[in-house]
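As a plain string of letters, each chain reads:
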Amino acid sequence: MSQDDRGKKPVTIIVNTRSYEWAEKEISYEEAYDLAYPNQPLGDGDTATIEYSRGPDGHGGGSLTAGHSVHVKDGMVFDVYRTSRS
């Protein structure tokens, strides 16, 4: 455990209007999706769009894409949209 990790308290993030305690410094696309849609993996033809707001360091908002992550801060909001090809 590094000195930076000692005593780090979880922050509250909002995912699709639900509050979650998050203890990590970052959240990945896959982790945000899993919070929004637990036990509902993406199937063939399914996609998810993840947008965030109230982000850290003056980067208030943006999109999170597969395989990437973003630093979290208390009160950060994630909107996760799932779409299926019909």
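Refer to the structure presented above.
Residues numbered from 1 in each chain as written. Predicted model: local features only at pLDDT ≥ 70, side-chain atom pairs only at ≥ 80, totals over all residues. Heavy atoms only, no water.

In this structure, Ile 13, Ile 27, Ile 50, Val 72 and Phe 78 are the most contacted members of the largest nonpolar core, which totals 20 residues. Those elements that provide at least two residues to this core are strand E1 (11–15), helix H1 (29–36), strand E4 (46–53) and strand E7 (77–84). A per-element tally of this core places H1 first, with five residues. Those residues in contact with Ile 27 that sit more than four places away from it in its chain are Ile 13, Trp 22, Ala 32, Leu 35, Leu 64, His 68, Ser 69, Val 70, Val 72 and Phe 78. (Core = buried A, V, L, I, M, F, W, Y, C linked by side-chain atoms within 4.5 Å. Buried < 20%, exposed > 50% of the residue type's maximum accessible area, 1.4 Å probe, protein only. Helix = DSSP H or I, 4+ residues; strand = E, 2+ residues; numbered from the N terminus. Contact = heavy atoms within 4.5 Å.)

On to a negative patch on the surface, then. On the surface, Glu 24, Glu 30, Glu 31 and Asp 34 cluster together to form a negatively charged patch. Here Glu 30 lies in helix H1. (Patch = residues over 30% accessible without salt bridge, like charges linked within 9 Å, V, L, I, M, F, W, Y side chains within 5 Å. Areas by Shrake-Rupley, 256 points an atom, 1.4 Å probe, with all protein chains shown as cover. Salt bridge = Lys/Arg side-chain N within 4 Å of Asp/Glu carboxyl O. Lys, Arg positive; Asp, Glu negative; His and termini not counted. Charge placed at Lys NZ, Arg CZ, Asp CG, Glu CD.)

Mapped onto the elements, Ser 53 comes out in strand E4. When the C-alpha positions of Ser 53 and Phe 78 are compared, they lie 6.6 Å apart, and in sequence the two are 25 residues distant. Those residues in contact with Ser 53 that sit more than four places away from it in its chain are Gly 60, Gly 61, Met 76 and Val 77.

Direction of pairing for E1 relative to E7: parallel, over a ladder of two bridges. Bridge pairing in E7 places Ile 14 opposite Val 77. Pairing analysis gives eight bridges linking E4 to E7, with the strands arranged antiparallel. Looking at the pairing, Glu 51 lines up with Asp 79 of E7. (Pairing = 2+ DSSP bridges.)

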